[in-house]
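Next come the chains, spelled out residue by residue.
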Amino acid sequence: MLSGERKEGGSPRFGKLHLPVGLWINSPRKQLAKLGRRWPSAASVKSSSSDTGSRSSEPLPPPPPHVELRRVGAVKAAGGASGSRAKRISQLFRGSGTGTTGSGGAGGPGTPGGAQRWASEKKLPELAAGVAPEPPLATRATAPPGVLKIFGAGLASGANYKSVLATARSTARELVAEALERYGLAGSPGGGPGESSCVDAFALCDALGRPAAAGVGSGEWRAEHLRVLGDSERPLLVQELWRARPGWARRFELRGREEARRLEQEAFGAVDSEGTGAPSWRPQKNRSRAASGGAALASPGPGTGSGDPAGSGGKERSENLSLRRSVSELSLQGRRRRQQERRQQALSMAPGAADAQIGPADPGDFDQLTQCLIQAPSNRPYFLLLQGYQDAQDFVVYVMTREQHVFGRGGNSSGRGGSPAPYVDTFLNAPDILPRHCTVRAGPEHPAMVRPSRGAPVTHNGCLLLREAELHPGDLLGLGEHFLFMYKDPRTGGSGPARPPWLPARPGATPPGPGWAFSCRLCGRGLQERGEALAAYLDGREPVLRFRPREEEALLGEIVRAAAAGAGDLPPLGPATLLALCVQHSARELELGHLPRLLGRLARLIKEAVWEKIKEIGDRQPENHPEGVPEVPLTPEAVSVELRPLMLWMANTTELLSFVQEKVLEMEKEADQEDPQLCNDLELCDEAMALLDEVIMCTFQQSVYYLTKTLYSTLPALLDSNPFTAGAELPGPGAELGAMPPGLRPTLGVFQAALELTSQCELHPDLVSQTFGYLFFFSNASLLNSLMERGQGRPFYQWSRAVQIRTNLDLVLDWLQGAGLGDIATEFFRKLSMAVNLLCVPRTSLLKASWSSLRTDHPTLTPAQLHHLLSHYQLGPGRGPPAAWDPPPAEREAVDTGDIFESFSSHPPLILPLGSSRLRLTGPVTDDALHRELRRLRRLLWDLEQQELPANYRHGPPVATSP
C-alpha cells in the first residue's frame, strides 16, 4: 500500500515534487497482496516541493545524494502564495510626503499619492525642463497625519476652535464630521441617517483675512474673503498648495451650509459691483490638458485691498491661475502688453476680421478664444480626441507626462474598505469607463504598448483589444462606447506609416476561429481570395489551432477522448502538442481571464480519462482471486500492454505541465499588478496544475505497482539459480537477453520491457531514471530481506552459495550497464552487494577479522544486519562464531533492537522535471499523423461554426486550388 498523505493547500507550482509510491514491510509476499490501485487520495500520496517543504504529515528522511534523482533546470516559484501576492498588489500606490506647516498654526503632511496627480500640471518653466519620473514604489510611503484647526464661528461667538487629525487624503466632508464630534454634535462618519443629515447641514469654509489694524484689538480676526470647500476637496492639500501673501492669514471655519453660501454670494456680488472683474477665489472651470488627473482646486488670491497697490490683485490672480493651466495656455500668459497682441492675432483668424474694428473686449472672451489655439507638444506623446462624451469638459489634446499613462474614471476610493483609488493620469467621465480602464507605456524606445484592464471595452484600430498590443503613431484607440483617440508621438520624427493603419485597405485583426476568412470585411479581399485563405489554414502545417470560447469544451473533449481511445497513429506526445496549441491560443488571442478557466477544464478532463483507464486495468487484474483458482503472474509482455496507456498519459501530462507553467509565468509578468482578479486567476492556475501534478503521480504509482508486482515472482531466482551450469559459458557485458542464464531471464525481461515502454512513450529522461531507480530499490530490498529471512535456522550462509549469488548479481549489473542503466543500478544494489561480498569472504580470512574491521569494510550494513549474518554463518559442524565478532557494548543496544529487514518506505522521492517543456510549437508540423489530426480538429471547428448559421448560409469548407 502507498503510505503518507498529501497535505492540503500545498501549491505544486514551480518546484520539485517528492512522491513515495510504495510500502512493503518485513514480508514482501504478505504485503504485496494488499497493494491497491486507487486514486492518490486513497493511496495516500506524499509529495514535497522545493519552495513549500514537505507536504507529508510525517517528515520524510532525506535520501542520500546518490539516491535522489533531481531534475535539471527547476523553475523556481514566482510570487509564492496568493496571500503574499495580494500584499504586494495592495502596496503599489502608497504615496510619501513630507510634513509641512501652513499658516494659522495647522501642521499637515505633504501630498502623497494625491499630490502626484498635480505633479504634471506645473508652470511653463518646469514643464519645459521635463517632468520628473514617478518616485519608486518603495519611497511612496503613507504621509503622517497633521493637526488642523477648525474654527466654529458659525456655532459660537469668539475665535474658539477645535483641533482635528487630518491626512493629505482627508476630504472636507470627513473633517466636518470630525469637527462636529469635537463640538459635541452627532456627526460621526459612521453614524446613521440622522447623523448624515447633520453633516450635510454644515460646510467647511476656507476664509482669507488679516488681523485688524493696531488699536482695534490685537489678534482680532477679520475675514474678507470666504469660499465653501467641496465635499471631495482636501483641506490639507489646499493649505499646502495655496498660501496667503505676507500680511494675510487664512483659516478653516465651520459654518451652516446655507449661511456659508449666502456669505459667499454676497462677497462675489460686492467684488463684481466694484467693477474689478471676477474674484480670484471663484472656482476655476479650466482643467489641465497636460494630465487631467484630479479635480481643479481653486487658487487663492487676496483680491484688491486698502493696503495693496493698484493692479496688484490682477497680477496675483494671473499668477494663481497659471497653476492650473496647461502648456498651451501658459504659453499665452505673460505681461499685459503681450495680451493685446495675442488677442489681435486670434481675432484676425476669424472671417471678415480685416474689415472689423478690434475694440476692447471682455477678458473672459479672450481666455475662451485663446483656448481654441492649441499647439501640440513637440517632445512628448499625446492623444488627440476625435470623439468624446461631454464637450464642455473634454479636452482636445491629452499629453503623456509619464512613460506610463493610465486612463480611468478615478474616484475617492476603490470601494473596498475605503482603500485608495488606483492612480489615474487622465480622468474620463463616461458611464462605461472603469476606474482603471487602460494603460499606455511609451518609453524612449518604440513602439508604445497599450494594455486594457480586465473587463474594459477597448478597441485598437476598430478591433476589440483583449491583450497587450503595440501602439504606433496614427493608431486609433477607442475607450468604451464614447471616447475615440488618435495616438501621436512627435519624437518619431515622422517615421510612422504614411498610410493610417486603420484604413480598410490594410487587413484588420482576425477574430479567432476558422471562419475568420469569411467573416472579415475590413481586409478588402474578395470572397474567392478569402476562401483560399481559409483553405490554406484548414490544410496548412502551421502549428495554430484557432477556436472560439463557446467551442472550447467540445475541442478539448475531442482531443482527450481520441488520446484515451488510442485512435489513429499519433506520435507519443501528440495529445500534449494539440492541448498546448489550445493553451497557446488562449494565452495569445482570448481575454485575460480565459486561460485559468481553460486550464481547469483541461486538467479535469485528463484526470477523468486517467481514472477510467486505471479502473479498466483494475478490472482485468483483480486483487482478490476466487478460491481454488491460482493467480497467474503477469508476464513482461502483458504488463507492457496494460501500462502503455498510463505511461503515455504520464509522458504527455509531464510535458503539458511544464508548458503550462511557462505560460502562467508569462501571464503573471504581463498582467497588470493592480488587477484585483490577478490573485484569483493565479489561484485557479495553481489548482489546475495541482490536478496535472496529481495525474503524474498517480500514473507513476500505478506503473511501478504493476512492474514490481511482476518482478516479485522473478527475483527469488537470483538467490537460487546456479549460473555455473555444465558446459555453459558466462556471457560478457552487453550480451543479449537470450544469452543470459535461464534463471536471470525473467527478471531481466521485466527490465527490458520497462525500458522499451518508456522509450516508445517518449517519457521524460528524468522520469525514466526515477522509474528504474524505484524498480532497483524494490529489487534490492526484496532480495536482501529474502537473504536475511532464509539464513535463519538453515545452512544458507556459506561460501559456495554466496559465490553463485555474487555471479548472478554481477551478470545482472553488466546487462544493465549495457542498457545504459549501470550507474543507477550500482547505487541501488549497493547494500545487497555488501551483504553478498561479506558472505563471499574466504572462511580463513573471515575468522581473522574483528567486529570493528568488518564494520569499516561494510558500512552500508546496519549493526543488526551485520551481526545476523555473522551469527548464522556456517563455519562447520559444532563451531560457533568467534569472540572477535561480538559487538562492543556501545553497539549492543543497536544490535538487539535493530531491524534486520529493509523498509520499503525509505524509497527515493519522485521529483517532477518541471523545467522547460520539450514541446516545440514553432515551425511547420512535420509529422504526417499529427498533421492529419490537426486538420480533422480544424474541420470539426468549422462544422461547429456552420451549425450556428441558418441553413441557407451554410457551406462546406473550401478546397485550396492547386498552383
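These notes cover the structure that comes with them. (Residues numbered from 1 in each chain as written. Predicted model: local features only at pLDDT ≥ 70, side-chain atom pairs only at ≥ 80, totals over all residues. Heavy atoms only, no water.)

Considerations on the overall build of the protein
Part 1 of the argument: Looking only at helices and strands, the protein has 31 helices and 20 strands in total.
Part 2 of the argument: Looking at the protein as a whole, 48% of its 963 residues qualify as buried.
Part 3 of the argument: Partitioning the intrachain contacts of the protein with sequence separation of at least 6 by distance along the chain shows that 72% fall at a separation of at least 24. (Helix = DSSP H or I, 4+ residues; strand = E, 2+ residues; numbered from the N terminus. Buried < 20%, exposed > 50% of the residue type's maximum accessible area, 1.4 Å probe, protein only. Contact = heavy atoms within 4.5 Å.)

Digging into the nonpolar core
Part 1 of the argument: Residues Leu 599, Ile 606, Phe 751, Phe 776 and Leu 787 are the most contacted members of the largest nonpolar core, which totals 133 residues.
Part 2 of the argument: Considering every element that reaches this core, the biggest residue donor is helix 20 (residues 678-712), with 18 residues.
Part 3 of the argument: Judged by nonpolar contacts, the second largest core, of 24 residues, contains Ala 456, Leu 471, Leu 479 and Phe 483. (Core = buried A, V, L, I, M, F, W, Y, C linked by side-chain atoms within 4.5 Å.)

Quick notes on the packing of helix 17 (residues 574-589) against helix 18 (residues 594-620)
Part 1 of the argument: Relative to each other, helix 17 and helix 18 sit at 165 degrees, their axes nearing to 9 Å. In terms of orientation, helix 17 lies roughly antiparallel with respect to helix 18. In the crossing of helix 17 with helix 18, the sense of the turn from one axis to the other is right-handed. Counted together, Leu 579, Cys 582, Val 583, Ser 586 and Ala 587 of helix 17 and His 594, Leu 595, Leu 598, Leu 599, Leu 602 and Ile 606 of helix 18 form the full contact between these two elements.
Part 2 of the argument: Its residues assigned to classes, the contact of helix 17 with helix 18 shows 9 nonpolar, 2 polar and no charged. (Axes fitted to C-alpha atoms, helices over the stretch in contact; angles between N-to-C directions. Parallel < 35°, antiparallel > 145°, perpendicular 65-115°, else oblique. Left-handed = near helix turned anticlockwise from the far one by under 90°. Nonpolar A, V, L, I, M, F, W, Y, C, P; charged D, E, K, R; others polar.)

Remarks on the environment of Pro 381
Part 1 of the argument: Secondary-structure assignment places Pro 381 in the loop between helix 13 (363-371) and strand 10 (382-387).
Part 2 of the argument: What makes Pro 381 buried here is its relative accessible area of 5%.
Part 3 of the argument: Along the backbone, Pro 381 and Arg 491 are 110 residues apart, and their C-alpha atoms lie at a distance of 7.4 Å.
Part 4 of the argument: Here Pro 381 is in contact with Val 399, Met 400, Ala 442, Tyr 487, Lys 488, Asp 489, Pro 490 and Arg 491, once residues within four sequence places are set aside.

Some words on the packing of helix 20 against helix 23 (residues 765-790)
Part 1 of the argument: One can describe the packing of helix 20 onto helix 23 by two numbers: an axis separation of 10 Å at closest approach and a directional angle of 35 degrees. Our pair here, helix 20 against helix 23, has a crossing hand that is right-handed. Residues Phe 700, Val 704, Leu 707, Thr 708, Leu 711 and Tyr 712 of helix 20 form the contact with helix 23, whose own contacting residues are Leu 767, Gln 770, Thr 771, Tyr 774, Leu 775, Phe 778, Ser 779 and Ser 782.
Part 2 of the argument: The residue makeup of the contact of helix 20 with helix 23, split by class, is 9 nonpolar, 5 polar and no charged.

Quick word on the pairing of strand 12 (residues 404-408)
Part 1 of the argument: Most of strand 12 sits out of view: 4 of its 5 residues are buried.
Part 2 of the argument: Bridge analysis of strand 12 against strand 14 (residues 438-441) gives 4 bridges, and the strand direction is antiparallel. Bridge pairing in strand 14 links Val 406 to Thr 439.
Part 3 of the argument: As defined by bridge partners, strand 12 adjoins strand 13 (residues 426-427) across 2 bridges and the pair is classed as parallel. By the bridge assignment, Gly 408 is partnered in strand 13 with Phe 427. (Pairing = 2+ DSSP bridges.)

Considering the sheet that holds strand 5 (residues 146-151)
Part 1 of the argument: Taken in spatial order, the 5 strands make up an open sheet running 6-5-9-7-8, and their pairing is mixed. Two strands bound the open sheet, and with one partner strand each, they are strand 6 (161-166) and strand 8 (223-228). The sheet shows a mean angle of 40 degrees between the axes of neighbouring strands, taken without regard to direction.
Part 2 of the argument: As paired elements, strand 5 and strand 6 share 6 bridges and run antiparallel to each other. Looking at the pairing, Gly 146 lines up with Ala 166 of strand 6.
Part 3 of the argument: Packed onto the sheet, helix 6 (residues 172-182) meets strand 5, strand 6, strand 7 (202-209) and strand 9 (249-256) and runs at close to 135 degrees relative to strand 6.

Looking at the side chain of Thr 747
Part 1 of the argument: For Thr 747, the position within the fold is in helix 22 (residues 745-760).
Part 2 of the argument: On the basis of relative accessible area, Thr 747 is assigned to the buried category, the value being 1%.
Part 3 of the argument: Among all residues touching Thr 747, those that are not within four sequence positions of it are Leu 711, Thr 714, Leu 715 and Leu 718.

With respect to the pattern of salt bridges
Part 1 of the argument: Taken as a whole and assessed by the stated rule, the structure comprises 36 salt bridges.
Part 2 of the argument: A salt bridge links Asp 425 to Arg 402, with the shortest nitrogen-to-oxygen separation between them at 2.8 Å. Of this pair, Asp 425 sits in the loop between strand 12 and strand 13 while Arg 402 sits in the loop between strand 11 (397-399) and strand 12; the two residues are 23 residues apart in sequence, bridging distant segments of the chain.
Part 3 of the argument: Taking relative accessible area as the criterion, Asp 425 reaches 3% and is therefore assigned buried.
Part 4 of the argument: Put simply, Glu 933 and Arg 936 hold a salt bridge, and the shortest N to O gap is 2.6 Å. Within this pair, Glu 933 and its partner Arg 936 are both found in helix 31 (residues 928-947), separated by 3 residues, close to a single helical turn.
Part 5 of the argument: Here Glu 933 falls in the buried class, since its relative accessible area comes to 12%. (Salt bridge = Lys/Arg side-chain N within 4 Å of Asp/Glu carboxyl O.)

Observations regarding the environment of Arg 745
Part 1 of the argument: Looking at the secondary structure, you find Arg 745 in helix 22.
Part 2 of the argument: Separated by 28 residues in the primary sequence, Arg 745 and Ala 717 place their C-alpha atoms 9.5 Å from one another.
Part 3 of the argument: In this structure, Arg 745 is in contact with Leu 737, Gly 738 and Met 740, ignoring residues within four places of it in sequence.

Here's the deal with helix 23
Part 1 of the argument: Across its 26 residues, helix 23 extends 37 Å between first and last C-alpha, which sits within 8% of the 38 Å expected from 1.5 Å per residue.
Part 2 of the argument: Most of helix 23 sits inside the fold, with 21 of its 26 residues counted as buried. (Expected span 1.5 Å × (residues − 1).)

Regarding the sheet that holds strand 17 (residues 463-464)
Part 1 of the argument: Strand order across the open sheet formed by 6 strands is 11-10-20-19-16-17, with antiparallel pairing between neighbours. Bordering the open sheet on either side are strand 11 and strand 17, each of which pairs with just one other strand.
Part 2 of the argument: Here strand 16 (residues 458-460) runs beside strand 19 (residues 476-479); their pairing, made up of 3 bridges, is antiparallel. Bridging across to strand 19, Thr 459 finds its partner in Gly 478.

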